[in-house]
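# Structural overview
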2 protein chains.
Amino acid sequence: MQANANTEATGAAAGGRPGKGRYHHGDLRNALIRAAIELAAEGGPDAVVLRAAARKVGVSATAAYRHFDSHSDLLGAVKDHGQQRLVECMEAGGREVRGSGPEATRQRMLGLGRGYIGFARQEPGLYRTAFCRKALGGFGVTEEGAVTEAGHQPGWEARSFEMLTETLDEAVTVGLIPPERRPGAELSAWAMVHGTAMLFLDGPLDVLSEEEAGYVIERVLRDVIAGLTTP
Amino acid sequence: MQANANTEATGAAAGGRPGKGRYHHGDLRNALIRAAIELAAEGGPDAVVLRAAARKVGVSATAAYRHFDSHSDLLGAVKDHGQQRLVECMEAGGREVRGSGPEATRQRMLGLGRGYIGFARQEPGLYRTAFCRKALGGFGVTEEGAVTEAGHQPGWEARSFEMLTETLDEAVTVGLIPPERRPGAELSAWAMVHGTAMLFLDGPLDVLSEEEAGYVIERVLRDVIAGLTTP
DNA sequence: TGATGCATGTTGACGCCGTGAACATCTGGT
DNA sequence: ACCAGATGTTCACGGCGTCAACATGCATCA
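Residues numbered from 1 in each chain as written. Chains lettered and ligands numbered in written order. Predicted model: local features only at pLDDT ≥ 70, side-chain atom pairs only at ≥ 80, totals over all residues. Heavy atoms only, no water.

If you check an unreviewed UniProt entry, chain A appears there as TetR/AcrR family transcriptional regulator from Streptomyces smyrnaeus.

Printed below as a string of structure tokens:
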């Protein structure tokens, strides 16, 4: 990640059409990120081409290097955005259910899963980018073999996992999940929703009608919850 | 896919060091595939660079176009190989358990899952390539919007799914899975193992010790089977 | 057996990509 | 008013996938 240049160049803000003859753009970093996000949404991580983003903004390709260390750094910014959007969808799915008790918690787990898979289906390009290897973020290994600990807000990457953890804890409290089955439960849950999302995006599920997709999702979520709650 | 040029040039077979001064290689298609497989094994689908494969074989880059329609076609051949290797691992995992009855079937399901996840962990590059979008194979959509139906042996891609299907059918016969829960069960199972594999390759599970990984895998597989067998 | 046609390989070129170096322009602080 | 640094530009490099034109040699048939 770069030192940073996000502090909104005081003079020209996002208000007055930037890049209209002005030599300095005023908000290039964010403009590039927005352009890259559009590319990702349309074509997935492979469509996030640094030169294309620069072209979209109307700026030379190398200008991007004043705001990003590398292509991978730009892709990482898009990845962060994707993770954030995913979290929003999960939160929206979980918030639909209020109240407490086993059934409410069960419904909240379902909501989280629906939100997750729903995002993957509505924004396949962003979803794929959110879990793209090539982007900075997550963990990496330097050429010397040392483990580097990400760049970009590590918050978003962890946040979705955290939501799941909280809900599973709640499920134990409420008696839905036997305490002895709690450790590692998020792995099963995460694997299931991630795997299902992938089956929709790349696998045989991409041809399903909206109705069929709904059944499949409910079925899969019921299965994983049944697996977790069975003593 | 190309018309085909796989019919082992009668004269020079794989025996005598090919490409040793000979203008014609004799088995270039397979040599390129082997080189590409090595690249994929080491660096995943992104490492499958047509020019690099040609370099490895000691041939000009454009020579590859006598045997493959495009980079994507070569990648597709590697993908097929990965799928085949995956099937072999699943078969090996399933064959470990003989006999019949509910417990044997349950063990066979576990074996299939262990084989699947084991392959993903032992050959991450090939596994990723086996499920790579960019490669030909699977389904695709032409520029005019028509749905094309794959190239490359569609057999391997379907075969692993088929194995799962057979085992689940067996589980119903044997009374493990309630018949009414059978439809769609392969989706849950597939999603779970695929998702788990991804958590190992890209996710937070990549740092686990061999022992810890074993526990996680058993845990996840038990969860999904519990979900499927719960009435 | 020798000529010949086609499969197979090579060279060269094009336009794309990510990226570095050198140069140009603007802007905020003294 | 000036200057330093931030920001943007042009030019260049090597690598990529791919096409067109050309070279080579094996297999077939007169």
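### Notes on helix 8 (residues 210–229) of chain B
Test applied: Numbered from the N terminus, helices here are DSSP runs of H or I no shorter than four residues, and strands are runs of E no shorter than two. By definition here, a helix of n residues has an expected span of 1.5 Å times n minus one. Burial classes follow relative accessibility: with a 1.4 Å probe on protein chains only, a residue under 20% of its type's maximum area counts as buried, one over 50% as exposed, and anything between as partly exposed.
For helix 8 of chain B, which comprises 20 residues, the first-to-last C-alpha distance of 28 Å matches the rise-based estimate of 28 Å (1.5 Å per residue) to within 8%. When helix 8 of chain B is considered as a whole, its buried residues turn out to be Ala 213, Val 216, Ile 217, Arg 219, Val 220, Leu 221, Asp 223, Val 224, Ile 225, Ala 226, Gly 227 and Leu 228 of chain B.

### Quick word on the interface of chain A and chain B
Selection criterion: By the convention used here, residues are in contact when the closest approach between their heavy atoms is within 4.5 Å. Accessible area that two parts lose when put together, evaluated with a 1.4 Å probe and summed over both, is termed the buried area. Between Lys or Arg on one side and Asp or Glu on the other, a salt bridge is scored when a side-chain nitrogen of the former is within 4 Å of a carboxyl oxygen of the latter. Pairs of N or O atoms are called polar contacts if they sit within 3.5 Å, as long as, within protein, a hydrogen donor faces a hydrogen acceptor (for residues adjacent in sequence, only side-chain-to-side-chain pairs). Think of it as three bins: nonpolar holds Ala, Val, Leu, Ile, Met, Phe, Trp, Tyr, Cys and Pro, charged holds Asp, Glu, Lys and Arg, and polar takes everything else, Gly as well.
The partner chain B presents 33 residues to the 33 residues of chain A that form the contact. A buried area of about 2500 Å², summed over both sides, lies between chain A and chain B, and 58% of it is on carbon and sulfur atoms. Considering only the side of chain A, the residues that lose the most area to chain B are Arg 133, Leu 187 and Arg 219 of chain A, jointly responsible for 21% of the buried surface there. At the surface where chain A touches chain B, the tally comes to six salt bridges. Counting across the interface, chain A meets chain B through 13 residue pairs in polar contact (both at pLDDT 80 or more). Sorting elements by how many residues they give to the side of chain A that touches chain B places helix 7 (residues 185–201) of chain A first, with 12 residues. Each residue belonging to the side of chain A that touches chain B can be placed in one class, and the counts come to 16 nonpolar, seven polar and 10 charged.

### Here we look at the confidence of the model for chain A
Note the following rule: One number per residue, pLDDT, summarises how confident the predictor is, and it ranges from 0 to 100.
On average, residues of chain A carry a pLDDT of 85, and 81% of them reach 70 or more. Scored below 50 in pLDDT, residues 1–20 of chain A makes 25 contacts in the model with residues more than four places away or belonging to other chains.

### Describing the side chain of Arg 219 of chain B
Mapping Arg 219 of chain B onto the fold places it in helix 8. Those residues in contact with Arg 219 of chain B, other than ones at most four positions away along the chain, are Arg 181, Arg 182, Pro 183, Gly 184, Ala 185, Ser 188 and Leu 228 of chain A.

### Details of the packing of aromatic side chains
All names here are of chain A. Rules: When the centres of two rings from Phe, Tyr and Trp lie within 6.5 Å, Trp using its six-membered ring, the rings pair. Their planes under 30 degrees apart give stacked, over 60 give edge-to-face, and anything left gives tilted.
Inspection of the entire model under this criterion finds 11 aromatic pairs over all chains. With centroids separated by 5.1 Å and ring planes inclined at 55 degrees, the aromatic side chains of Tyr 127 and Phe 131 adopt a geometry described as tilted. What makes Phe 131 partly exposed here is its relative accessible area of 22%. The structure contains a cluster of three or more aromatic residues connected by ring pairs, namely Tyr 116, Phe 119, Tyr 127, Phe 131, Phe 161 and Trp 190.

### Overview of the UniProt feature "DNA-binding region" (unreviewed entry) in chain A
Our working rule: UniProt positions are given in the numbering used here, feature names are shortened, and annotations may be inferred rather than shown by experiment.
Mapped onto the present numbering, the UniProt feature "DNA-binding region" (unreviewed entry) falls on residues 49–68 of chain A. Split by type, residues 49–68 of chain A is 40% helix and 0% strand. Its first and last C-alpha atoms lie 13 Å apart.

### Some details on the protein's contact with DNA strand D
What counts, and what does not: If even one non-hydrogen atom of a residue comes within 4 Å of a molecule or strand, that residue is called near it.
In the vicinity of DNA strand D lie 23 residues, with Arg 66 and His 67 of chain A together with Arg 51, Arg 55 and Thr 62 of chain B positioned nearest. Take His 71 of chain B: an N or O atom from its main chain is 2.7 Å from a phosphate oxygen of DNA strand D. Ranked by the residues each element gives to the surface near DNA strand D, the list is headed by helix 2 (residues 50–57) of chain B, at three residues. Class assignment for the residues of the surface near DNA strand D results in eight nonpolar, 11 polar and four charged.

### Things to note about the protein's contact with DNA strand C
The environment of DNA strand C is formed by 23 residues, the closest being Arg 51, Arg 55 and His 71 of chain A together with Arg 66 and His 67 of chain B. Protein-adjacent atoms of DNA strand C, using a 4 Å cutoff, are sugar or phosphate at a proportion of 51%. One of the backbone N or O atoms of His 71 of chain A is found 2.6 Å from a phosphate oxygen in DNA strand C. A distance of 2.7 Å separates a phosphate oxygen of DNA strand C from a polar side-chain atom of Ser 60 of chain B. The biggest single contributor to the surface near DNA strand C is helix 2 (residues 50–57) of chain A, with three residues.

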